[in-house]
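Residues per chain are reported as follows:
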Amino acid sequence: MAEDSECLFNCRFFLHITKGFACSQAKKQFNVSGLSSLSNAAKVDLARTMHFDYKATNGQIRRILRLDSQVVEAMFPSAV
């Protein structure tokens, strides 16, 4: 039981850190006030950075950048 709550805390903490990174990158790279202000092209560019440089999962990218799951899956196909 303690391991489950620890995992949940770690997952939420990582998501919080990743979202903070994405917001700061959006401000630096694209001079916007937040993630919702990004164009689709900018979201795709930021998704590549998150995936290749920071090893974010497809689910994290989809949730944080609010991209359609089909778009993310097309960019980074899951190994099946």
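Above this text is the structure in question.
Residues numbered from 1 in each chain as written. Predicted model: local features only at pLDDT ≥ 70, side-chain atom pairs only at ≥ 80, totals over all residues. Heavy atoms only, no water.

### As for the overall build of the protein chain
This is how the line gets drawn: Only DSSP runs of H or I reaching four residues or more are called helices, and only runs of E reaching two or more are called strands; each is numbered from the N terminus. Three labels apply to residues, based on accessible area from a 1.4 Å probe with only protein chains included: buried if under 20% of the type maximum, exposed if over 50%, partly exposed otherwise in between. The criterion used for residue contact is that any of the two residues' heavy atoms lie within 4.5 Å. Here the Shrake-Rupley method, with its probe set to 1.4 Å, supplies the accessible areas, and only the displayed protein chains count as covering residues.
Of the regular secondary structure elements, the protein chain holds 4 helices and 0 strands. Helices and strands appear in the protein chain in the N-to-C order α-α-α-α. Relative to its 80 residues, the protein chain shows a buried fraction of 32%. Sequence separation of at least 24 residues holds for 35% of the intrachain contacts in the protein chain that already meet a minimum separation of 6. As displayed, the protein chain offers around 5,700 Å² of accessible surface, 56% of which is attributable to carbon and sulfur atoms.

### Some points on the environment of L65
Position of L65 among the secondary structure elements: in helix α3 (residues 58–65). Spatially, the C-alpha atoms of L65 and L38 are 8.9 Å apart, while their sequence positions differ by 27 residues. The contact partners of L65, leaving out residues within four places of it in the chain, are L35, K43, L46, A47 and M50.

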